[in-house]
Amino acid sequence: MTKEADPIESVRADMLAPAGLEERHLSRTLGSILRGGVDYADLYFQVSRQESWTLEDGIIREGSFNLDQGVGVRAVSGEKTGLAYSDELMLPALEHAARAARAIARQGESRQVPAWQRGDAARLYSAADPTSSMPDAEKTALISRIDAATRDLDSRVEQVIISMTSSQDLVLVAGSDG
């Protein structure tokens, strides 16, 4: 049995690294938000991949792939909360969203609050990406076999429609409380 990678390392490799982001960027961004009266900040990164295939009467009629990604930034100062979002995962967009969230929430005196520290995270799900774990040719062959097996069940079967959908969500929350 192979040992699964550390969940933080998996997300770092699959989400942050392709965007050119490193943990030091997250720590620096959180630190910049926490200046001057901001009590708490967090960064919520998400990458969602969805794929679907539809076979109708033995013919692949439709195939689609969708990728959504972004980062939400929250800054809390007393009872004020500043929220900002970017659908681009890149350092300039992250910094811009952080400045916007900080500006919305900022008030009060200057103080020092520690920025993000990496914590331990338990693996809840496999790191396998179902949208890329099997080549497209194997996916279409699989639904073709399902079509044939369904038709073999009963000679009265006239129409078979098969849909196969997969999705994966990667989420990383980096908070100033660790």
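Scroll up for the structure.
A brief look at the structure comes next. No experiment lies behind these values; they were computed from the predicted model shown. (Residues numbered from 1 in each chain as written. Predicted model: local features only at pLDDT ≥ 70, side-chain atom pairs only at ≥ 80, totals over all residues. Heavy atoms only, no water.)

## Here we look at the side chain of Arg102
We apply this condition: Numbering goes from the N terminus for both helices and strands, where a helix is a DSSP run of H or I of at least four residues and a strand is a run of E of at least two. To sort residues, take the accessible area from a 1.4 Å probe on protein chains only and compare it with the maximum for the residue type: under 20% means buried, over 50% means exposed, and anything in between is partly exposed. Asp and Glu count as negative and Lys and Arg as positive, but His and the ends of the chain are not part of the count. Salt bridge, as used here: a side-chain nitrogen of Lys or Arg that lies within 4 Å of a carboxyl oxygen of Asp or Glu. For this analysis, a polar contact is any N or O atom pair within 3.5 Å, provided that within protein one partner can donate a hydrogen and the other can accept it, and provided that sequence-adjacent residues contribute only side-chain to side-chain pairs. The criterion used for residue contact is that any of the two residues' heavy atoms lie within 4.5 Å.
Secondary-structure assignment places Arg102 in helix α3 (residues 91-105). Despite its burial, Arg102 remains without a salt bridge, the nearest opposite charge being carried by Asp39 at 11 Å. A polar side-chain atom of Arg102 sits 3.2 Å from the main-chain carbonyl oxygen of Ile33. The residues contacting Arg102, other than those within four sequence positions of it, are Ser32, Ile33, Arg35, Gly36, Val38 and Ala75.

## Quick notes on helix α4 (residues 136-153)
Here is the rule: Expected span of a helix: the number of residues minus one, times 1.5 Å. As used here, the arc is the angular range of directions from the helix axis to the C-beta atoms.
With 18 residues, α4 should cover 26 Å at 1.5 Å per step; its first-to-last C-alpha distance of 26 Å lies within 8% of that length. Buried within α4 are the following residues: Lys139, Thr140, Ile143 and Asp147. In a view along the axis of α4, the buried residues occupy a sector of 95 degrees, so they form one face of it. Exposed side of α4, more than 90 degrees from the buried face: Ala137, Arg145, Asp152 and Leu153 are the residues found there. Those residues of α4 hidden inside the fold are in contact with β1 (40-56), β2 (59-77) and β4 (161-175).

## Remarks on the pattern of salt bridges
Inspection of every chain in the model, using the stated rule, returns nine salt bridges. Of the charged contacts in the structure, one is a salt bridge between Arg151 and Asp57, with a shortest N-O distance of 3.4 Å. Separated by 94 residues along the polypeptide, Arg151 in helix α4 and Asp57 in the loop between β1 and β2 bring together distant segments of the chain. The exposure class of Arg151 is partly exposed, given its relative accessible area of 27%. The partly exposed category is assigned to Asp57, whose relative accessible area is 35%. Asp154 is paired through a salt bridge with Arg156; the nearest N and O atoms lie 2.5 Å apart. The exposed category is assigned to Arg156, whose relative accessible area is 66%. What you see here is one network of salt bridges that share partners, running through Glu51, Asp136 and Lys139.

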